[in-house]
Amino acid sequence: MNARQKSPLVFATILLLIAAVFSVPAHSQSEEACGTPATSATAQVGGVYLPSVGTIRILVVFVEFRGDTTDYNNAQWPYNSAPVFINTVIDATTKQRSTDPNNLTYFFRQNES
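Small disclaimer: the values here were computed from a predicted structure and weren't measured.

## Comments concerning the overall build of the protein chain
Phase 1: Scanning the protein chain for helices and strands turns up three helices and zero strands.
Phase 2: Overall, the protein chain shows an N-to-C arrangement of helices and strands of α-α-α.
Phase 3: Across the 113 residues of the protein chain, 5% fall into the buried class.
Phase 4: A sequence separation of at least 24 residues applies to 12% of the contacts in the protein chain between residues at least 6 apart.
Phase 5: Summed over all atoms, the accessible surface of the protein chain reaches about 10,400 Å², with 60% contributed by carbon and sulfur.

In structure tokens, the structure reads:
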């Protein structure tokens, strides 16, 4: 088969694939399609896995692996020690109230309402 003979075959294959993809009905917004029962928006109180109000306490772990291809001259996370920013990632207490935009507690406090 030469290039001219392959061209209609490739074109037909592409058209067939496009037709197959777009002929399948998409029900991503349908309640039945994802297997969840239809409920009203006010039926749920609180979060499914996390509370919708109150304090969520978390543990943050910084890990440096042996053989990691780290930049040994990185001033923000020196080799074989904790990162410089370790105490600014999250607030240690609920009364701390950081205003650093890189702080996760500050981020979620700003976006909670």
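## Observations regarding the side chain of Ser 98
Phase 1: Along the polypeptide, Ser 98 turns up in the loop between α2 (31-34) and α3 (104-110).
Phase 2: Given a relative accessible area of 15%, Ser 98 falls into the buried group.
Phase 3: Polar contacts involving the side chain of Ser 98 include one to the side chain of Asp 91, which spans 2.4 Å.
Phase 4: Discounting residues that sit within four places of it in the chain, Ser 98 has contacts with Asp 91, Asn 103, Tyr 106 and Arg 109.

## Topic: the packing of aromatic side chains
Phase 1: Applying the stated rule across the entire model yields four aromatic pairs.
Phase 2: Taken together, the ring pairs in this structure connect Phe 62, Trp 77 and Phe 85 into an aromatic cluster.

## Comments concerning the side chain of Arg 109
Phase 1: You can see Arg 109 is positioned in helix α3.
Phase 2: Within the local environment of Arg 109, its side chain forms a polar contact with the backbone oxygen of Ser 98, the two atoms lying 2.6 Å apart.

## Thoughts on the pattern of salt bridges
Phase 1: In the structure shown here, the tally under the stated rule is one salt bridge.
Phase 2: Here Asp 91 ties to Arg 109 by a salt bridge, and the two come within 3.6 Å at their closest N and O atoms. Taken together, the residues Asp 91 in the loop between α2 and α3 and Arg 109 in helix α3 connect sequence positions 18 residues apart.

## So, unusual backbone geometry
Phase 1: With a phi angle near 65°, Asn 80 is a residue other than glycine that sits in the positive phi range.
Phase 2: You can see Asn 80 is positioned in the loop between α2 and α3.
Phase 3: In this structure Asn 80 comes out as exposed when scored by relative accessible area, which is 63%.
Phase 4: With a phi close to 55°, Arg 97 is a non-glycine residue in the positive phi region.
Phase 5: In this fold, Arg 97 is placed in the loop between α2 and α3.

## A look at the environment of Thr 55
Phase 1: Positionally, Thr 55 belongs in the loop between α2 and α3.
Phase 2: Placed 39 residues apart in sequence, Thr 55 and Thr 94 show a C-alpha to C-alpha distance of 7.9 Å.

## A look at the confidence of the model for the protein chain
Should pLDDT be low for a region, the predicted coordinates there are not to be read in detail.
Phase 1: With 65% of its residues at a pLDDT of 70 or more, the protein chain has an overall mean of 74.
Phase 2: Mean pLDDT values for the elements of the protein chain range from 52 in α2 up to 87 in α3.

Rules of the game
- Residues numbered from 1 in each chain as written.
- Predicted model: local features only at pLDDT ≥ 70, side-chain atom pairs only at ≥ 80, totals over all residues.
- Heavy atoms only, no water.
- Helix = DSSP H or I, 4+ residues; strand = E, 2+ residues; numbered from the N terminus.
- Buried < 20%, exposed > 50% of the residue type's maximum accessible area, 1.4 Å probe, protein only.
- Contact = heavy atoms within 4.5 Å.
- Areas by Shrake-Rupley, 256 points an atom, 1.4 Å probe, with all protein chains shown as cover.
- Polar contact = N/O pair within 3.5 Å; in protein donor to acceptor, adjacent residues only side chain to side chain.
- Phe/Tyr/Trp six-rings, centres within 6.5 Å; stacked < 30°, edge-to-face > 60°.
- Salt bridge = Lys/Arg side-chain N within 4 Å of Asp/Glu carboxyl O.
- pLDDT = per-residue confidence, 0-100.

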